[in-house]
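Understanding the architecture of this molecule
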Amino acid sequence: MSGQGSTEGIVIAIDGPSGSGKSSTSKGVAKARGLRYLDTGAMYRALTWWMLDNGVDVHDPAAVAAAVERPVIEMGTDPASPTISVDGRDVAVEIRTKEVTGNVSAVSAVPEARALLVRTQRAVIDAARRESAGIVVEGRDITTVVAPEAPVKLFLTASAEARAQRRSREIHTGDVAATQADLARRDRLDSSRAHSPLKRTADATELDTTGMTLDEVIALVVTLVDEAAATVRG
Ligand SMILES: Nc1ncnc2c1ncn2[C@@H]1O[C@H](COP(=O)(O)OP(=O)(O)OP(=O)(O)O)[C@@H](O)[C@H]1O
Ligand SMILES: Nc1ccn([C@H]2C[C@H](O)[C@@H](COP(=O)(O)O)O2)c(=O)n1
């Protein structure tokens, strides 16, 4: 709940390229305004982890499509401690490996995988709204496919250099050039796939965070949420 209006049932949709700050910003905003938080990238990662763990050839779209219904992926939406599990196993660490990161774009390009996860994401949003909770949802197709009617739609960006610096600090590597190449590869794949590619629509507010601190970005987005809450609820 904000001082500016009610955030009950509000949906905040945030997309952007890898390392632009979607997760950190979304969690910070959700904590500041008592909202739920959904990391949809974690869901694609969890599906990818399961495929790899079960010997599915992730570069064979038909094999991925045939297996998508098998794992049960569940998410916890508390921004202070978001959770992700597959068949009851906590996979928060496993989904962040290099192997998963290197293969997740292939799995997320498969239409059957997207259809299933989009359905699950909409169910999470609907459940939050039934409980009168607002929710911040972040990923690559939230503003375009998952929640195009959201009253706050943001496209977060930062320069390739800034994103590589941030991610390199996070994973404690001095090889910023290699990190930048990894981010560029994933962005290229995620933006060029046939189904639900990452793209900014005209009605999403672009926020270039290069040169901004995380706290500054969170404060700015909280302001946008408060404005939307005041408008939506009168
Ligand atoms: N404005 C900022 N200034 C400095 N560092 C930032 C800023 N925003 C995010 N970061 C840091 O950059 C790193 C990447 O941020 P984050 O994981 O939130 O990005 P993301 O867009 O969710 O990435 P991905 O799509 O790859 O999951 C994190 O270490 C985070 O703390
Ligand atoms: N809505 C989404 C969210 C994520 N993906 C894919 C593409 C990303 O490279 C990958 C991992 O996401 P991250 O953890 O880096 O946010 O998942 C997608 O296609 N759609």
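The model shown is predicted, which means the values in this text are computed figures rather than measured ones.

Next up on the list: the UniProt feature "binding site: ATP" (unreviewed entry) in the protein. Following the UniProt record, one finds the feature "binding site: ATP" (unreviewed entry) at Gly16, Pro17, Ser18, Gly19, Ser20, Gly21, Lys22, Ser23 and Ser24. With respect to the secondary-structure elements, Lys22 resides in helix α1 (residues 22-33). On the basis of relative accessibility, which here comes to 6%, the residue Lys22 falls in the buried class. For Lys22, the contacting residues outside a window of four places in its chain are Ile14, Asp15, Gly16, Pro17, Glu138, Gly139, Arg140 and Leu156. A distance of 2.9 Å separates a polar side-chain atom of Lys22 from the backbone oxygen of Pro17. Topologically, Ser24 is positioned in helix α1. Not counting chain neighbours up to four residues away, the residues in contact with Ser24 comprise Leu214 and Ile218.

What follows concerns the site of ligand 1. By nearness alone, 17 residues border ligand 1, and Gly19, Lys22, Ser23, Ser24 and Met212 come closest of all. Gly21 places a main-chain nitrogen or oxygen 3.0 Å from an oxygen atom of ligand 1. Where the shell around ligand 1 is concerned, the elements lending two or more residues are α1, α7 (160-171) and α9 (214-233). Its residues placed into classes, the shell around ligand 1 shows four nonpolar, seven polar and six charged.

Attention now goes to the UniProt feature "domain: Cytidylate kinase" (unreviewed entry) in the protein. Sequence positions flagged by UniProt for "domain: Cytidylate kinase" (unreviewed entry) are, in local numbering, residues 12-225. End-to-end, the C-alpha atoms of residues 12-225 are 8 Å apart, and along that stretch the chain is 51% helix and 15% strand.

With that settled, the discussion passes to the sheet that holds strand β6 (residues 135-139). Taking strand neighbours across the sheet as the criterion, the five strands line up as β2-β6-β1-β7-β8 in an open arrangement whose pairing is parallel. Pairing within the sheet leaves two strands with one partner each, and these edge strands are β2 (36-39) and β8 (205-208). Strand after strand, the sheet turns through a mean of 20° between neighbouring axes, direction not considered. Both β2 and β6 contribute to a ladder of four bridges, which runs parallel. By the bridge assignment for β6, Tyr37 is matched with Val136.

Within the open sheet, the three strands sit side by side as β3-β4-β5. Their pairing is antiparallel. Across the chains shown, the open sheet's two edge strands, defined by having one partner strand only, are β3 (73-76) and β5 (89-90). In the sheet, β3 pairs with strand β4 (residues 83-86) via four bridges, with the strands oriented antiparallel. Within β4, the residue paired with Met75 across the bridge is Ile84. With respect to the sheet, helix α2 (residues 40-53) is in contact with β3, β4 and β5, its orientation differing from that of β4 by roughly 25°.

Procedures and definitions
Residues numbered from 1 in each chain as written. Chains lettered and ligands numbered in written order. Predicted model: local features only at pLDDT ≥ 70, side-chain atom pairs only at ≥ 80, totals over all residues. Heavy atoms only, no water. UniProt positions renumbered as here; feature names shortened; annotations may be inferred. Helix = DSSP H or I, 4+ residues; strand = E, 2+ residues; numbered from the N terminus. Buried < 20%, exposed > 50% of the residue type's maximum accessible area, 1.4 Å probe, protein only. Contact = heavy atoms within 4.5 Å. Polar contact = N/O pair within 3.5 Å; in protein donor to acceptor, adjacent residues only side chain to side chain. Near = heavy atom within 4 Å. Nonpolar A, V, L, I, M, F, W, Y, C, P; charged D, E, K, R; others polar. Pairing = 2+ DSSP bridges. Axes fitted to C-alpha atoms, helices over the stretch in contact; angles between N-to-C directions.

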